[in-house]
Amino acid sequence: MVNSIHNLHIGQCAEFKKTLTDNDVADFALASGDTNPVHLDESAGRDSIFGQRVVHGILVSGLISAVIANKLPGNGSIYLGQDLKFIKPTFIGDTITATAEVIAINCEKNRVRLKTTCTNQHGDKVIVGEAVVLPPLEKALAEEVN
C-alpha cells in the first residue's frame, strides 16, 4: 500500500503486529551493539527491576517503522523524526501491535504527523509518541504505475 499526501486523511490508521522472540533480541543486540545483560542474561533480568529479561525498547519502537514503510503512508515514505515515551517493558514472547494514526497533514511541505503507539497482547501501551513522515510524492507513484 502506498499513499501520497492527497490520499491521506486525519484519523486514518494502520498497524503491524509481531511476537518478539529470543532470536529477535539476540539479533538486535548483535546488530546494534547493545549487549546490556538485562536483555540477554536470565539472571541479570531476574535481578533487574523488571524481574525478567526485557526486549530492547528501541527494537520494539522499530515496529513503528514497519507500519510507516509498509502501510501508512507506505513504500517510499521517509521517516523524518520520532518522539517516544517508554511506558512499560516488553518481555520476550510478548506480541506487540504498532499503530500509526494520521493526526496532521501539511500538504504545502508534504509532511504528515502520526500518533504512534505500541501495545502488548494485554492491551497495555508500552510505547507512545509522535512521528513526522514525508510521504511519497505523486511523481513517484505515477512512475510506479507505468
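Residues numbered from 1 in each chain as written. Predicted model: local features only at pLDDT ≥ 70, side-chain atom pairs only at ≥ 80, totals over all residues. Heavy atoms only, no water.

Visitor: Would you take a moment to explain the pattern of salt bridges for this structure?
Guide: Working definition: two side chains of opposite charge can pair if their charged atoms are close together. Per the counting criterion, the structure on display carries six salt bridges. The residue Asp22 makes a salt bridge to Arg53 at a minimum N-O spacing of 2.6 Å. Here Asp22 is found in helix α1 (residues 22-32), whereas its partner Arg53 is found in the loop between α3 (42-47) and α4 (57-70), with 31 residues between them in sequence. Across the pair Lys88 and Asp124 runs a salt bridge whose closest N-O atoms are separated by 3.7 Å. Of the two residues, Lys88 is situated in the loop between β2 (78-86) and β3 (95-106) and Asp124 in the loop between β4 (111-119) and β5 (125-134); the sequence distance between them amounts to 36 residues. It is possible to trace a salt-bridge network through shared partners that takes in Asp22, Glu42 and Arg53. (Salt bridge = Lys/Arg side-chain N within 4 Å of Asp/Glu carboxyl O. Helix = DSSP H or I, 4+ residues; strand = E, 2+ residues; numbered from the N terminus.)

Visitor: I keep staring at the environment of Glu101 and nothing clicks. Help me out?
Guide: Tracing the sequence through the fold places Glu101 in strand β3. When the C-alpha positions of Glu101 and Arg113 are compared, they lie 8.4 Å apart, and in sequence the two are twelve residues distant.

Visitor: Would you explain the pairing of β3 in this entry?
Guide: The side chains of a regular strand alternate, residue by residue, between the two faces of the sheet. Here strand β1 (residues 13-19) pairs with β3 via seven bridges, running antiparallel. By the bridge assignment, Phe16 is partnered in β3 with Ala98. (Pairing = 2+ DSSP bridges.)

Visitor: I'm lost on the nonpolar core in this one. Help?
Guide: Nonpolar side chains in soluble globular proteins generally cluster together in the buried interior. Within the largest apolar cluster, 24 residues are counted, with the highest numbers of intra-cluster contacts made by Leu20, Val60, Leu72, Ile96, Leu114 and Cys118. Elements represented by at least two residues in this core include exactly α4, β3, β4 and β5. With six residues, the single largest contributor to this core is α4. In this structure Leu72 touches Asn3, Leu8, Gln12, Cys13, Ala14, Val67, Ala100, Val102 and Leu114, once residues within four positions along its chain are discounted. (Core = buried A, V, L, I, M, F, W, Y, C linked by side-chain atoms within 4.5 Å. Buried < 20%, exposed > 50% of the residue type's maximum accessible area, 1.4 Å probe, protein only. Contact = heavy atoms within 4.5 Å.)

Visitor: It is not clear to me how the state of the cysteines should be interpreted in this structure. Could you clarify?
Guide: By definition, a disulfide is the covalent link that joins the sulfur atoms of two cysteine residues. Tallied over the full model, the rule gives zero disulfides. Free cysteine Cys13: the closest other cysteine sulfur is in Cys118, separated by 14 Å. Assessed through its relative accessible area of 47%, Cys13 is described here as partly exposed. (Disulfide = S-S within 2.5 Å.)

Visitor: Help me understand the side chain of Thr95, please; the structure alone is not making it clear to me.
Guide: Along the chain, Thr95 turns up in strand β3. A distance of 2.6 Å separates polar atoms of two side chains, one belonging to Thr95 and the other to Thr19. When residues no more than four places from it in sequence are discounted, the contact partners of Thr95 are Lys17, Lys18, Thr19, Thr119, Asn120 and Gln121. (Polar contact = N/O pair within 3.5 Å; in protein donor to acceptor, adjacent residues only side chain to side chain.)

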